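The residues making up each chain are set out below.
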Amino acid sequence: MDSKLDKGYEPHDVEAHWYAFWESEGLFAAKEEGGDDTYSIVIPPPNVTGVLHMGHALNVTLQDILCRYRRSKGDNVLWMPGTDHAGIATQNVVERQLASEGTDRHQVGREAFIERVWEWRKQYGGAIINQLKRLGASCDWDRERFTMDEGLSRAVRKVFVDLYDQGLIYRGDYIINWCPRCHTALADLEVEHEQTDGKLYQILYPFVDQEGGLIVATTRPETMLGDTAVAINPKDERYEDLTAEKVMLPIMNREIPIVKDSYVDLKFGTGALKVTPAHDVNDFEIGLRHDLPRVKVIGEDGCMTAEAGEFEGMDRFECRKAIVAKLDEMGLLKKVEPHDHGVGQCYRCKTTVEPNLSKQWFVKAGPLAEKAIKAVESKKTRIVPEVWEKTYFEWLYNIRDWCISRQIWWGHRIPAWTCQDCGEVMVRLEDPEKCPCGSANLQQESDVLDTWFSSALWPFSTMGWPDQTELLKAYYPTSVLITGFDILFFWVARMMMMGLQFMDEVPFKDVYIHALVRDENGEKMSKSKGNVIDPLEVIESQGTDAFRFTLASFAAMGRDIKLSVKRIEGYRHFINKIWNAARFTLTNVENNPDAAAKASKSTAIPDRWILSRLNQVILQVEADLEAYQFSSAANILYKFMWHEFCDWYLEAIKPILYREGAEEERNATVATLQRVLNDALVLLHPFIPFVTEEIWHHMPGAEGSIMKAPYPAAVDEAVGLGPDKDAEKEMELVMAAVTAVRNIRGEMNIPPNQALAAIIEPTDDFAKEALARESGLVSNLARLSSLEVGGKRPKGAATAVVDGASVYVLLEGVIDLDKEEARLEKEIAKLTKELVKLDKKLNNEDFLAKAPDNVVEKVRGQQAEMTEKREHLESNLEKVREIHGDQG
RNA sequence: GGGCGGGUAGCUCAGUUGGGAGAGCACCGGCCUUACAAGCCGGGGGUCACAGGUUCAAGCCCUGUUCCGCCUACCA
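Counting starts from 1 at the beginning of each chain's written sequence and moves along it residue by residue. By the order in which they are written, chains take letters starting at A while ligands take numbers starting at 1. Note on the predicted model: pLDDT of at least 70 is required for a residue's local features to be given, and 80 or more for side-chain atom pairs to be given and counted; whole-chain, interface and lining totals, by contrast, use all residues. Side-chain measures were taken over the full set of non-hydrogen atoms in the model, leaving aside hydrogen atoms and water.

1. Regarding the overall build of chain A
Okay, step 1: A helix here means a DSSP run of H or I that spans at least four residues, while a strand means a run of E at least two residues long, and both kinds are numbered starting from the N terminus. Of the regular secondary structure elements, chain A holds 29 helices and 27 strands.
Okay, step 2: The reference for a compact globule is 2.2 Å times residues^0.38; the radius of gyration itself is calculated from the C-alpha atoms. Computed over the C-alpha atoms, the radius of gyration of chain A is 37 Å, more than 25% above the 29 Å expected from 2.2 N^0.38 for a compact globule of 888 residues.
Okay, step 3: Overall, chain A is about 115 × 65 × 55 Å in size when its C-alpha atoms are taken along their principal axes.
Okay, step 4: When each of the 888 residues of chain A is scored for burial, the buried share is 55%.
Okay, step 5: Contacts: residue pairs with any heavy atoms within 4.5 Å of one another. Counting contacts in chain A only where the partners sit at least 6 residues apart, residues at least 24 apart contribute 77% of the total.
Okay, step 6: Here the accessible surface of atoms and residues is derived via Shrake-Rupley with a 1.4 Å probe, and residues count as covered only by protein chains that are part of the display. Carbon together with sulfur atoms contributes 47% to the accessible area of chain A, which is approximately 39500 Å² in total. Think of it in three bands: with a 1.4 Å probe and only protein chains considered, a residue is buried below 20% of the maximum accessible area for its type, exposed above 50%, and partly exposed in between.

Okay, structure coming up:
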């Protein structure tokens, strides 16, 4: 072991080295059989096509913090990793590859295409996993899963068959969202609505056997070719006297009925609605109610079908122009006005989605949603922060059936066969060979399932379900799911539904929803704005630990995270600070090799103080992590390490460490120093695993990985670790006195190397004794050449008042009286401002009568303290003015 | 249309049962003080969006106004 640390912390090699070490030592592995205290998390599986972005980084960092923390608490932790096969996205990637080779999937054929996808996966699919490792993720990698794995596929098939048998999956002709580019149906959730400046066209549909007609309005004129009715609201007074029953559909010259339907909005347009059951969700419903024919005029390729007559083959948007021109020519286009409306886009490729009629598979969501709602209502699953519950409920209450079939090749093929002879549909766990009718002419459904269908099973499919494995017994339900709100519906709600349906138990006890770092599609970070921050670049330049600590400190924020490199740099400095504190500590430990062995409990105030502070930090970090208060925990540690341990403690103990002789005292302090750093490293490790592991191995007596070190006990009598109010009070007085002197130095522009003499005049007994005891400490920290405790105010001194004492810094001959006068006036003004507020309170009868006693007492105390302070300052100001007067 | 969140220091944001307004960065001044200049010491800076209300007491609770953002939806 080499205890010499380099001067600055260099994360690069350290990170690679320790990550490999952890893996080779098997420190991430969960015990199969679990045990009493198990803790489990399933990772939100990133897309196999994905590259690490800020969202992953935050998400994974938080999970890693919890897992490492839980291990230190002695739990048996399972963190289940894996990736998602991302049907449409992955297929798109490989299709692009084929296109660059001048071919396409249809030429290649289904089987060969799927082969290609697997090849692609083998070659590139692990990228994101390696990127997660660079973040330090302590997943149990030996258990890594993929939604297309054999085991998971078995689970998918079982779930599909069971739901079908339970009547919760059905197939039918419905309007679905169709992406003409991806050539597949999409679930409602997969459609993004983009506000678009469109046009509203008003078109006259003439009556068949009388003059006049109805004017309908539409944003998609091309769909008129498929109109099979015009609807009006039965309550519409404008049409009370309407006798016509039919209108003539222009261009197509088709007679279509006028139907009455209360869906029609009385206030919109003319109150007459063209009905296209094959290309609009609402029209589809109206069509069902009035038994209207469905004419499909737009095909799956986004071009007009034969039903569109002369427009057959034309692109849908071209057709729109042509139709508008033609109607205008015919004099039927009555009005065109600008119209802002939401246009649906495919979430994968941004192509405008076409509502289209087709045969699809659906999950009947109602019964499943009901259970999912109840589980959260009854707090079997707790959503943190609670505000998200409302969003969750809102969606589930209004849930619609889930279209799960996709017309692509990459995914779980639907286990349904149709008999080509009798038309019988068979949904089976095992591939059927024959139809009950005797025919062997069976054809399997060509559609695959929505990727989210398989990820909905993730919490139990990854643990081996449908087999009743040890893993499931030990680790299901999982302890917590950590995720962003963007997939609350896509994923969380669906996992809840499936988990409850198939495991009869919630998939996770807690759901922690964290903020989102938006990617290139987001508002805050976008490629076009050029403000995207690549996590891997951050890791390269700042180190993983600095990055992780930044993310943890961000975790309390709201919905958006704005990450600046500046901020990360700040935390890189923090990592370096810890590093140097460790260097200092280790040097002193090395200089006193027997310290630990020979030490008795330290009686020195700095030691007692830091141990008392450590006691509180241990408790606070624990409480914060239990409550998912990541940023609070991170900030507590930051403040403790930098501003208490480094700024005060290390400086305070230097005299003890450097003093000749006094070996016993020094041993006690060195032992305390070592202990505090030791415990702090363990507390910090979940946040910054690499640097803590590196330092850990330089600590004398440390064995093995810091990952195996138990979470520090808050109290340890043997070394004096525990609450120590007396020490805190005394140390606070010391710090106040030191700060007072430094303040004078600063304000009077006196360089640190100029020796100063000071006198402290205590004003109460505690301060008198304490300052007498700690005068050496004060004079050292304040860089005083001499300090007299108990003297009176000398001439030519600058003054400061702390709680319990007046501090005089002798500046005879040096003192700038103007400056000193100004300084005191400023202090007095500050105090006066505060005192006015306090006086007002204490003069208020109501406050005295109604506020709790402890609050009144507190305010009284503050008032007394500040009044005394001000009096001292005022008398000092008087004296300064006298001298000033003498001189002037 | 419905719902949700936010407006706190120049910037990015904390502030969890209402009880003396915070951090980081930036800024100003002084320092190479034997762990750290990736540092040390000191300092300035806020009518907590606006207007009311409840309360002894409001950044925090209630009402309204306004600006920004997000989610969701079947007004063509």
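Now that the structure is up, let's keep going.
2. Topic: the UniProt feature "short sequence motif: 'HIGH' region" (unreviewed entry) in chain A
Okay, step 1: UniProt positions are given in the numbering used here, feature names are shortened, and annotations may be inferred rather than shown by experiment. Feature annotation in UniProt places "short sequence motif: 'HIGH' region" (unreviewed entry) on residues 46–56, given in this structure's numbering.
Okay, step 2: Secondary structure content for residues 46–56 is 27% helix and 0% strand, while the C-alpha to C-alpha distance between its ends is 8 Å.

3. Notes on empty space enclosed by the protein
Okay, step 1: Grid points spaced at 1 Å over the protein atoms alone were grouped into cavities, where a 1.4 Å probe fits but cannot get out, and pockets, open sets with protein on both sides within 12 Å along at least five of seven lines, with lining residues defined by an atom within 4 Å of a point. Grid points are joined across faces, edges and corners, and a volume is the space filled by probe spheres set on the points. Applying the stated criterion to the full structure yields two cavities of 30 Å³ or more.
Okay, step 2: As a volume, the largest cavity reaches approximately 70 Å³.
Okay, step 3: Taken together, Arg68, Arg71, Ser72, Val682, His685, Pro686, Ile706, Met707 and Ala709 form the lining of the largest cavity.
Okay, step 4: The dominant element in the lining of the largest cavity, judged by the number of residues it contributes, is helix H2 (residues 54–72), at three residues.
Okay, step 5: Of the residues that make up the lining of the largest cavity, three or more belong to each of domain 1 (11–149 + 451–542) and domain 3 (544–723).
Okay, step 6: In this model, the second largest cavity occupies a volume close to 40 Å³.
Okay, step 7: Lining of the second largest cavity is provided by Val363, Ala365, Leu368, Trp402, Ala456, Arg494, Met497 and Met498.
Okay, step 8: Per element, the largest residue contribution to the lining of the second largest cavity is three residues, and it comes from helix H15 (residues 488–502).
Okay, step 9: For the lining of the second largest cavity, the residue count by class is seven nonpolar, no polar and one charged. Where each domain starts and ends comes from a domain assignment, either automatic or drawn from a database. All residues other than Ala, Val, Leu, Ile, Met, Phe, Trp, Tyr, Cys, Pro, Asp, Glu, Lys and Arg, Gly among them, are scored as polar; the first ten of these are nonpolar and the last four charged.

4. Details of the nonpolar core
Okay, step 1: Grouped together as the largest cluster of nonpolar side chains are 227 residues, with contacts concentrated most on Tyr392, Leu396, Phe453, Met498, Phe547, Phe645 and Phe687.
Okay, step 2: At 16 residues, helix H21 (residues 630–658) tops the list of elements feeding residues into this core.
Okay, step 3: Definition of nonpolar core: a set of buried residues of the types Ala, Val, Leu, Ile, Met, Phe, Trp, Tyr and Cys, connected through side-chain atoms within 4.5 Å. Judged by nonpolar contacts, the second largest core, of 31 residues, contains Tyr205, Leu225, Ala308 and Leu327.

5. So, the pattern of salt bridges
Okay, step 1: For this analysis, a salt bridge means a side-chain nitrogen from Lys or Arg found within 4 Å of a carboxyl oxygen belonging to Asp or Glu. With the rule as written, the count across this model stands at 52 salt bridges.
Okay, step 2: With a closest N to O distance of 2.7 Å, arginine 68 and aspartate 64 form a salt bridge. Of this pair, arginine 68 and aspartate 64 both sit in helix H2, four residues apart, roughly one helical turn. As far as the burial class goes, arginine 68 and aspartate 64 line up, both buried.
Okay, step 3: Two residues, glutamate 717 and lysine 601, come together in a salt bridge whose shortest N-O distance is 4.0 Å. With a gap of 116 residues between them, glutamate 717 in the loop between helix H23 (689–696) and helix H24 (725–747) and lysine 601 in the loop between helix H19 (595–598) and helix H20 (605–626) connect regions that are remote in the sequence.
Okay, step 4: Glutamate 717 gets classed as exposed once you look at its relative accessible area, which sits at 57%.
Okay, step 5: Within this structure, Arg220, Asp280, Arg316 and Glu354 form a network of salt bridges that share partners.

6. What to know about the side chain of threonine 550
Okay, step 1: Relative to the elements of secondary structure, threonine 550 occurs in helix H17 (residues 544–554).
Okay, step 2: On the basis of relative accessible area, threonine 550 is assigned to the buried category, the value being 0%.
Okay, step 3: Definition of a polar contact: a pair of N or O atoms within 3.5 Å, with one able to donate and the other able to accept a hydrogen when the atoms are protein atoms, and with sequence-neighbouring residues admitted only if both atoms are side-chain atoms. Within the structure, threonine 550 has its side chain in polar contact with the backbone oxygen of alanine 546 (distance 2.6 Å).

7. Some details on the domain arrangement of chain A
Okay, step 1: Domain boundaries assigned for chain A yield domain 1 (11–149 + 451–542), domain 2 (194–348), domain 3 (544–723), domain 4 (728–810) and domain 5 (817–886).
Okay, step 2: Computed over C-alpha atoms, the centres of domain 3 and domain 5 are 38 Å apart.

8. What to know about the sheet that holds strand S27 (residues 805–810)
Okay, step 1: Here we have four strands laid out as an open sheet, ordered S25-S24-S27-S26, and mixed in their pairing. Taken across any chain shown, the strands that pair with only one partner, and hence form the sheet edges, are strand S25 (784–789) and strand S26 (797–802). The average angle at which neighbouring strand axes cross in this sheet is 20°, direction not considered.
Okay, step 2: Pairing geometry for strand S24 (residues 756–762) and S27, over six bridges, is antiparallel. Note on S27: the bridge partner recorded for proline 762 is alanine 805. When DSSP finds at least two bridges between two strands, those strands are taken to pair. Where helices are involved, their axes are fitted lines through C-alpha atoms of the stretch in contact, as for all axes, and angles between N-to-C directions lie from 0 to 180°.

9. Some points on the pairing of strand S11 (residues 254–260)
Okay, step 1: Here three bridges tie strand S9 (residues 229–232) to S11, and the two strands are oriented parallel to one another. Each residue of the ladder has a partner; that of alanine 231, found in S11, is valine 259.
Okay, step 2: Remark: four residues form the turn of the hairpin made by strand S10 (residues 246–249) and S11, two consecutive strands paired antiparallel; isoleucine 251 in that turn has positive phi of roughly 65°.

10. Considerations on the sheet that holds strand S14 (residues 354–363)
Okay, step 1: An order of S6-S5-S14-S16 is seen for the four strands of this open sheet, with the pairing classed as antiparallel. The sheet is open, and its two edges are formed by strand S6 (184–186) and strand S16 (402–403), each paired on a single side.
Okay, step 2: In the sheet, S14 pairs with S16 via two bridges, with the strands oriented antiparallel. Its bridge partner being in S16, valine 363 is matched across the sheet by tryptophan 402.

11. Quick look at helix H7 (residues 150–165)
Okay, step 1: For H7, spanning 16 residues, the distance from its first C-alpha to its last is 22 Å, which sits close to the expected 22 Å at 1.5 Å a residue.
Okay, step 2: Those residues of H7 lying buried are Leu152, Ala155, Val156, Val159, Phe160, Val161, Asp162 and Leu163.
Okay, step 3: In the segment just after H7, glycine 167 is the residue with positive phi, at about 75°. To estimate how far a helix should extend, the number of its residues minus one is multiplied by 1.5 Å.

12. Considering the packing of H17 against helix H18 (residues 565–591)
Okay, step 1: Running from amino to carboxyl end, H17 crosses H18 at an angle of 120°, the nearest separation of the two axes being 8 Å. At the point where H17 passes H18, the crossing takes the right-handed sense. Taking contact as the criterion, the partners of Asp545, Ala546, Phe547, Phe549, Thr550, Ser553 and Phe554 in H17 are, on H18, Arg567, Ile568, Tyr571, Arg572, Phe574 and Ile575.
Okay, step 2: Here the contact of H17 with H18 is composed, by residue class, of eight nonpolar, two polar and three charged. Note on convention: the crossing is left-handed when the near helix lies turned anticlockwise from the far helix by less than a right angle, right-handed when the turn is clockwise.

13. A closer look at the packing of aromatic side chains
Okay, step 1: Pairing of aromatic side chains here covers Phe, Tyr and the six-membered ring of Trp, requires ring centres within 6.5 Å, and sorts the geometry by plane angle: under 30 degrees stacked, over 60 edge-to-face, intermediate tilted. Tallied over the entire structure, the rule returns 39 aromatic pairs.
Okay, step 2: Both rings, one in tyrosine 19 and one in phenylalanine 28, keep their centres 5.5 Å apart while their planes meet at 55°; by these two values the pair is tilted. Each member of the pair, tyrosine 19 together with phenylalanine 28, is buried.
Okay, step 3: Here the aromatic rings of phenylalanine 460 and tyrosine 476 are separated by 6.2 Å at their centres, their planes lie at 85°, and the arrangement is edge-to-face. Here phenylalanine 460 is found in helix H13 (residues 458–461), whereas its partner tyrosine 476 is found in the loop between helix H14 (470–475) and strand S22 (478–484), with 16 residues between them in sequence.
Okay, step 4: You can call tyrosine 476 buried: its relative accessible area is 7%.
Okay, step 5: Three or more aromatic residues link up through ring pairs in this structure, and these residues are Phe549, Tyr571, Phe574, Tyr638, Trp642 and Phe687.
Okay, step 6: The ring of tryptophan 22 carries arginine 68 above its face, with NZ or CZ at 4.3 Å from the centroid. Only Lys NZ and Arg CZ are tested; either one counts as a charge over a ring when it is within 6 Å of the ring centre and within 35 degrees of the ring normal.

14. A look at a negative patch on the surface
Okay, step 1: Patch membership is restricted to residues that have no salt bridge and whose relative accessible area is over 30%. Joining uses 9 Å for like charges and 5 Å for the nonpolar side chains Val, Leu, Ile, Met, Phe, Trp and Tyr. Two residue types count as positive, namely Lys and Arg, and two as negative, namely Asp and Glu; His and chain ends fall outside the count. Every charge is mapped to an atom, namely NZ of Lys, CZ of Arg, CG of Asp or CD of Glu. A contiguous patch of negative charge, built from Asp764, Asp765, Glu769, Asp803, Glu865, Glu868, Glu871, Glu874, Glu878 and Glu882, is present on the exposed surface.
Okay, step 2: Of all the elements, helix H29 (residues 853–887) adds the most residues to the negative patch, at six residues.
Okay, step 3: Mapped onto the elements of the fold, glutamate 865 is located in helix H29.
Okay, step 4: On the basis of relative accessibility, which here comes to 33%, the residue glutamate 865 falls in the partly exposed class.

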